[in-house]
Every structure is written in C-alpha cells, then in structure tokens.
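Report on the structure
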Amino acid sequence: MTILIKQATLLSPNSKHHRKKRDLYIKNGRIEKIGASLRVKATKTIEAKGLCVSNGWKDIFADFCDPGFEHKEDIQSGIATAKAGGYTGVCIIPNTEPTISSKSQVDYIIKQCAQSGVDLIPIGAVSKNIEGQQLAEMYDMSHTGAKVFSDGKKSIQSAGLLLKALQYLKTIDATLIQIPDTTSISANGQMNEGEQSTALGMTGIPAIAEHLQIQRDITLCEYAESKIHFTGISTKKSVEIINAAKKRGVNVSCSVSPYHLIYTDKNLASYDANFKIFPPLRSEQEKKYLVKALKEGKIDGIASHHTPQDIDAKKVEFAYAKEGLISLQYILPILIEAGLNAEEIAIAAQGAYKIVTGTSATIEEGAKADLTLFSLTGTSEVSKETNHSKSYNTPLQGATVKGQIIGTILGNQNNIL
Amino acid sequence: MNKGNVISVDNLLGIKDLTAADINLILDTAVGFKDILQRPIKKVPTLRDTTIVNLFYENSTRTKISFELAEKRLGADIVNFAASSSSLKKGETLIDTVQNILSMKVDMVVMRHSASGAPHFLSNHIDAAIVNAGDGTNEHPTQALLDSFSMREAQGNLKGKKVAIIGDISHSRVALSNIFCLKKLGAKVVVCGPPTLIPKHIQSLGVDVSYNVQETLEWCDIANVLRIQLERQDMPLFSSLREYALQFGIDKKMLDGLKKEITLMHPGPINRGVELSSDAADSAHSIILDQVQNGVAVRMAVLFLLAQKNKSLADSLA
C-alpha cells in the first residue's frame, strides 16, 4: 500500500519540514519520501484544498466506558469516534466497571485496538478500584502497557496517598494526572460559583476548590521530585500557579478541555444539561484567558474529556443530570471556533500527550507514518447520523461547524474519510 | 412585551423573566380577586373549562393549599399529585410523569420541585402552561408576588422603599424571587444574615449586604424575615439555633426601640424563638397573616392571566 499526499502544509515542530508545503510519499506504513513535488505512483493520492498534515493527534483523557457502560460507548465506537476526530492515539481513563486497576484490564483494552488505526493507551488507576485508599498495582500495569496513571474523573483527595503515588511512580518515570478539585469545598456544587450561579439559584463551585488542590499537589510533587499533570484546569489563576512552579523547576504541566474554550457559565441560563460538565464552565474572562494561554504555550495542550452519556442521563432535571460531554470527534471545529490557527491546533491536539508520555511522532523520511490530515476550510453538519459515538451529548447537536478532518494514517492503517 | 392587560410570558417560571409591567399587571389584577374573596360567594367561573394539575415533588402545606384554593375559587378542575404517593418512587422520570398526566388533557401544571430549574426543563418538553411553585434554591415567584402585594398594601408604591431580607439567603428561593421582584419595582434591598448563609456574589444582583440585624432594622421600612432552613443544610453553616437566635433573631423589644414604624413579614412557617420571637410575630408590626390571605388572590391573578394568555394564543392560531 502506497499513499501520495500532494501539496500539504506540514505541521510538525520537531521536523525540518515544519510549516513547509510538501508532497509526502508513504510506503508500507513509513514516510518514504518528502519533497517539494514528488513524481511517484501511488495506490492512493490525496489532494485537498487547504490541506494540512500534522503529527498524529493524541488525546490524554477520554472515557470509552468499556467495560461496564457499553450502552454509552465501547472500545470500537470510541475508536471510530477518535478516527473521525483526527486522532491516532487516545489515553483512556480508568473509570470503568471494573476499573482499570490491574494488568488484566490494561490488557483487555490494548488487545482490542490492534490494527485499528488508533493506539489506545489505558490510564492505570492510582488507587485500587479508584477508592482513594490503597495504591493500585501500577508497576504491573506499566509492564502491560499503561504509561500514565490517574484516578480519572475522581480527584485524589488524600494528600498522603497522592504523595506515596508520586514517589512510587518515579521508579517507572510515569506522570500522574489529576483533575484538580477540593471536594470538601466543591461538594453539592453544580456550576461555577459567580454571578450566574447566584442568579440561577444553583450551588456554585468556587474556583478556589481548583486552586487549593493545584497548590497542594505541586507542593507534594516538588517534595517527591516526581511528575504531575493537571487536566481540566479552568481559570487564569490555575495557569499562573502552574507556570510559576514550572519556572522554579517543578515537573508540572496542564491541559484544558475543549469546551472551556468556547462556552461559559452563561450557557447554563436555560438549565441545559448538555452544558453540565466538571470542572464547570467559568466566566467569559476566564474563557478568553484560557484560549490566550493555550496559544502562548502556557497550557500544554487539549485533553478531550470525552464523556459519553446516554439520553436518559441528560434528559432529566439539571441537578440529576450526569456531567460530561462527548468531544473527541469535534476537537477541530471547537478549536477553530476558539480562534486557533492550523499550527496552534496541531500543537494543542498533541501537546498534552507529548508532555505526559514524553513521546511524539514526527514527519521525517524513514519515520513511522503517524499523521492527521485536516483542513480549516469547508463545513460539516453535526447530526446523529454523522456522530460516531454511541452517545450524542453535545451542545453542538444540529450545528454547522467549520473545518474538516481529511483522515488519519497510523502505520499500515489509514482512514481517509 | 406587555400589551395592555396581557402578560408577556406563557409560563411563570420565575420573576427573572417578568417585566415590571407584568408584575404590576399581576398585582393590580390581584386587587380585584382580593375583593371577590371578601364577598359571601367567593367563587368566579373564570377557569371553568381549565384543568390544572398540582404537581408537588416536595412537601408543602401552605403553598399547596393556597394554590388549591385559588384554583377552586376560579372554578378550575384540579388534580393533586404528591411525590409520596406517586410513581416517582417507582423510578419514573419527570417528563414521563408529566406527559402521562397531560395525555389526560390537562391545561396547566403547578409544580414544586427540589431541583433548581426543574420547571424550566419541563417547559422545554411540554406544551401546558407551567407555574413554578418553588424550585430548589432558585425561585418561588408567587411568594415574591404576594410579598410585594402585601408590601404595597402596607406601604404604598414600592419605588424607593427600603426592604431588608433577613435570614438564610443562600438556601432560599423566596429571597431570590423577592430580590428580583423588588429590584424591578424600584425598591432598595439589603440582605442580612451570617456570611455562611449569604451567597458570595449576591451583590451582583444589585443588593447590599449586612451582617448586623440591628443596623438593618434601623435602616429598613420593611423587614422580610426568612425561615432558617435546617432541612437544607448538610454542612455546618452556623453553630446552633440558640446562637442564631441570639445574633440574628428579632423580638418585639427591638422593633419597639426603632425610631420609625416598620412592617414585619415572614413567608412561614415560622420557627418561633429562632428568627422571630412570638411577641414580634404576633405584634402590630406584623402582616404575616395578611400575606397568607393575599397569597390566594395573587395566585388567582397568575392563573387567570396565564390562562388568558394561552387562550388568546390558541384563538390567534385557530
């Protein structure tokens, strides 16, 4: 199988072809040749208006609900969703039933993604069954293929446990991912605490619930001389605390969910449960800052926080609705709406993965083909028919969105749409 | 927009959605209904062809009785539904329950629910007119309307009047609806209570905050004292009822010591000896029982105006 990609803008900061318009010839899953204009015959030739080719996009925080909640998503529908969204790699959070807290669970996921065109990287649980009490068998899981560790949607509250986990992970040089939240402060909260929560009569989640834990965890990480990544950060202050720690040499990084870049707590005015997410949507000011910080590299990248929920989990009173939105298929249009250009999108869509795993694809001759092909031109309709996830919980329902994913290539597997 | 004597909304979800003209229209209409309630025959056939379901997902005594009376006085057919006797416990969703009831041809739904926004959610899924009888910690619009009606009776036009809302502001839908209503009518509002019971961003609604009940009483023309909602607190927000009463409780001596006569209100039920002493609640300052009486008239006005709106809408479509 050979593929020729014509006149694409290459976006790969670690390549000498970065920002250049090139032809790409791929043979047997490897990039055979890169040139200004290649004259080769290929089984498949790809040309498209405004075509950009970047390192394959990788997500670090998606829920595929399998095993346990397969009516919302399963590994195969998750893979289809990832491909449609331009992703060649996805780290799956461990909040399944049973949880990913043993090597057999890690193995279950890895076996299912073989030859699928998407690398699935299970995130091993930090605590046994995500109960926040005992350390899970992280070494065992890492030998089976778990590269990062987290209790996923459940933020680790015990400082003692987190410290031990950070120390323990040093042996295998792995990063711990936390959603920052002090639950004794955010308890019962349903949305951002602010003018909007006051006007809607809903219990608010103050931003300090996030800040306090980031500060605490950085202190623990600094003491343990380990690595921590905060995902789902939602405020300017969080970015500032993290960047100040980075400056003094702490191994800390962060990512933001896509929806925090385009929506605010004002979207909750009609109590639409499709805007119920955690961490909560904050103010317009915070939203604008997060976009700016992502562009400037103060936020390391995007984490999808892809959270499928069936209709019954959302079509109820706001207080009873489950949190989370699907997003993996819609990262490109969301980032375009947030005002990112093609290069910023390409960096944001893999930046968090690069930092938490320490690995990254590149576009060089001889390298394994790990590519995302996309264009900022064109539009598409978000509909139940075009939606690949088993769930359809997104505020984008029925919207016309900008940009197109042309396809993905991962080794011998290609998914040209 | 309010055109003459037609209300601008199809449902009464909250005061937030009403214009000042809507509020005045309801209050003015209620004056007429209050007159009717003084007559030997207290009934009019205005809603004779209307069926109303009272859907109470949360316990209520006075609001439910008040709505029922208002509906009966207007000649409506009514169906009562309480969570304890309902299919809710069998796991049926709100939408399913309401659609089942509506398929039996019900025109209006009066709903109380423990979740903020529940009536808003429902209004997006059903056609019947909805009257919010209290949703979580969000709004209790008819309570605010009857409070403003009672204030207007006691003190005239509310523009520029100083109203204090004292007690648990955080967990009170009465407080929020009162704030919206009073601000729209041009009153000045101060909320007073312990800082743990006042939302941090309450000033964004255009009210001032005080932690001193004596100073607040000295400032205000009207004090609307709220019930301390022990049932809504799952985290310690004050140390004991005794200490609350000592720090924020109001008694007759305090009222008598003020330089001017103020009006004392309470939406009920009163925790006697906590937020109000008995001698204050039963004093000449108090219009608490007037509030209860006015509640029926105000609810009649709301039901009448919404039915009229929906009828004129239906007529225009026919």
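Residues numbered from 1 in each chain as written. Chains lettered and ligands numbered in written order. Predicted model: local features only at pLDDT ≥ 70, side-chain atom pairs only at ≥ 80, totals over all residues. Heavy atoms only, no water.

1. Section: the sheet that holds strand β8 (residues 119-122) of chain A
Residue and element names in this part refer to chain A. With parallel pairing, three strands are arranged side by side in an open sheet as β6-β7-β8. Single-partner strands in this sheet number two, and they are β6 (57-62) and β8. Going from strand to strand, the sheet's axes swing by 20° on average, the running direction of each strand aside. Relative to strand β7 (residues 87-92), β6 runs parallel, the two being bridged by four bridges. Bridged to Lys58 within β7 is Gly89. (Pairing = 2+ DSSP bridges. Helix = DSSP H or I, 4+ residues; strand = E, 2+ residues; numbered from the N terminus. Axes fitted to C-alpha atoms, helices over the stretch in contact; angles between N-to-C directions.)

2. Considerations on a nonpolar patch on the surface
Where nonpolar side chains cluster on the molecular surface, the patch consists of Ile185(A), Ile208(A) and Leu212(A) and spans about 230 Å² of accessible area. Mapped onto the elements of the fold, Leu212(A) is located in helix α7 (residues 208-224). (Patch = residues over 30% accessible without salt bridge, like charges linked within 9 Å, V, L, I, M, F, W, Y side chains within 5 Å. Areas by Shrake-Rupley, 256 points an atom, 1.4 Å probe, with all protein chains shown as cover. Salt bridge = Lys/Arg side-chain N within 4 Å of Asp/Glu carboxyl O.)

3. Considering helix α1 (residues 20-38) of chain B
Compared with an ideal rise of 1.5 Å per residue, which puts 19 residues at 27 Å, α1(B) spans 27 Å between its outermost C-alpha atoms and is within 8% of the ideal. What α1(B) keeps buried is the set Asp22(B), Ile23(B), Leu25(B), Ile26(B), Leu27(B), Thr29(B), Ala30(B), Phe33(B), Lys34(B), Ile36(B) and Leu37(B). (Expected span 1.5 Å × (residues − 1). Buried < 20%, exposed > 50% of the residue type's maximum accessible area, 1.4 Å probe, protein only.)

4. Looking at the interface of chain B and chain A
Taken together, the contact between chain B and chain A spans 25 residues of the former and 18 residues of the latter. Taken together, both faces of the contact between chain B and chain A bury some 1,600 Å²; the carbon and sulfur share is 59%. Where chain B packs against chain A, one counts zero salt bridges. Applying the counting criterion to the chain B and chain A interface returns six residue pairs in polar contact (both at pLDDT 80 or more). Residue assignment for the side of chain B that touches chain A shows that the elements contributing at least two residues are α3 (94-102), α4 (118-123) and α6 (173-184) of chain B. Split into classes, the residues belonging to the side of chain B that touches chain A amount to 11 nonpolar, 11 polar and three charged. (Contact = heavy atoms within 4.5 Å. Buried area = accessible area lost by both parts, 1.4 Å probe. Polar contact = N/O pair within 3.5 Å; in protein donor to acceptor, adjacent residues only side chain to side chain. Nonpolar A, V, L, I, M, F, W, Y, C, P; charged D, E, K, R; others polar.)

5. Focus on α7(A)
Residue and element names in this part refer to chain A. Between the first and last C-alpha of α7 there are 24 Å, a value that for 17 residues agrees with the 24 Å anticipated at 1.5 Å per step. Buried within α7 we find Ala209, Glu210, His211, Gln213, Ile214, Asp217, Ile218, Leu220, Cys221 and Ala224. Close packing links the buried residues of α7 with α4 (159-168), β10 (175-178), α5 (183-186), β13 (227-231), α8 (236-247) and β14 (251-256). Just downstream of α7, Glu225 is the residue with a positive phi angle, here 50°.

6. Quick notes on the environment of Glu243(B)
Residues and elements named next belong to chain B. Residue position: Glu243 is located in helix α8 (residues 241-248). Note: C-alpha distance between Glu243 and Val274 (31 residues apart in sequence) is 9.1 Å. Here the side chain of Glu243 touches Ser239 through a polar contact of 2.8 Å, side chain to side chain.

7. Overview of the nonpolar core
Grouped together as the largest cluster of nonpolar side chains are 93 residues, with contacts concentrated most on Val90(A), Leu120(A) and Phe374(A). Counting residues per element, this core draws most heavily on helix α11 (residues 331-338) of chain A, at six residues. For this core, the two domains that each supply at least three residues are domain 1 (2-52 + 366-416) and domain 2 (56-357) of chain A. For Val90(A), the contacting residues outside a window of four places in its chain are Asp59(A), Ala62(A), Phe64(A), Ala82(A), Val118(A), Asp119(A), Leu120(A), Ile121(A) and Leu328(A). Among the nonpolar cores identified, the runner-up in size contains 65 residues, and Ile15(B), Ala129(B), Ala187(B) and Ala297(B) belong to it. (Core = buried A, V, L, I, M, F, W, Y, C linked by side-chain atoms within 4.5 Å. Domains from an automatic or database assignment.)

8. Comments concerning the side chain of Arg22(A)
Residue and element names in this part refer to chain A. Mapping Arg22 onto the fold places it in strand β2 (residues 21-27). For the buried Arg22, no salt bridge is present, and the opposite-charge side chain at shortest range is Glu365, 8.2 Å distant. Beyond its immediate stretch of four places on either side in the chain, Arg22 contacts Ile5, Lys6, Gln7, Ala8, Leu10, His17, Ile34, Gly35 and Ala36. (Lys, Arg positive; Asp, Glu negative; His and termini not counted.)

9. Brief notes about unusual backbone geometry
Along the chain, Phe278(A) connects to Pro279(A) via a cis peptide bond; the corresponding omega equals -5°. With respect to the secondary-structure elements, Pro279(A) resides in the loop between β14 and α9 (284-296). Of note, the amide linkage connecting Gly268(B) to Pro269(B) takes the cis form, showing an omega dihedral of -10°. Tracing the backbone through its elements, the reader meets Pro269(B) in the loop between β9 (263-265) and α10 (278-281). A positive phi angle is found at Gln7(A), which is not glycine, with a value near 50°. The residue Gln7(A) is located in strand β1 (residues 2-11) in this model. Positive phi values are uncommon outside glycine, yet Gln115(A) reaches one of about 60°.

10. Section: the domain arrangement of chain B
Residues and elements named next belong to chain B. Taken as a whole, chain B is organised into domain 1 (15-138 + 292-311) and domain 2 (141-290). Placing the centre of domain 1 and that of domain 2 at their C-alpha centroids yields a distance of 25 Å. When the area that domain 1 buries against domain 2 is broken down by residue, the three leading residues are Ile15, Leu27 and Asn294, summing to 25%. A salt bridge links Glu58 to Arg173, with the nearest nitrogen and oxygen atoms 2.9 Å apart. The tally of links from domain 1 across to domain 2 stands at 16 residue pairs in polar contact (both at pLDDT 80 or more). Broken down by secondary-structure element, the contributors of at least two residues to the side of domain 1 that touches domain 2 are α1, α2 (62-73), β3 (108-113), β4 (129-135) and α11 (288-317). Examining the composition of the side of domain 1 that touches domain 2, we find that nine residues originate from one element, α1, more than from any other. When the residues that make up the side of domain 1 that touches domain 2 are grouped by side-chain class, the tally is 13 nonpolar, 10 polar and nine charged.

11. Quick look at the pattern of salt bridges
This structure, assessed with the given rule, holds 24 salt bridges over all chains. The salt bridge involving Lys309(B) is made with Asp10(B); its shortest N-O contact spans 3.1 Å. Of this pair, Lys309(B) sits in helix α11 while Asp10(B) sits in the segment before α1, and the two are 299 residues apart along the sequence. Taken together, the salt bridges that share partners define one network made up of Lys292(A), Glu296(A) and Lys298(A).

12. Examining the domain arrangement of chain A
Residue and element names in this part refer to chain A. Taken domain by domain, chain A holds domain 1 (2-52 + 366-416) and domain 2 (56-357). With centres defined by C-alpha atoms, the gap from domain 1 to domain 2 works out at 26 Å. Each partner contributes to the roughly 3,100 Å² buried at the junction of domain 1 and domain 2, and carbon and sulfur atoms together form 59% of this total. On the domain 1 side of the contact with domain 2, Lys390, Asn393 and Pro395 bury the most area, a combined 21% of that side's loss. Inspection of the domain 1/domain 2 interface yields three salt bridges.

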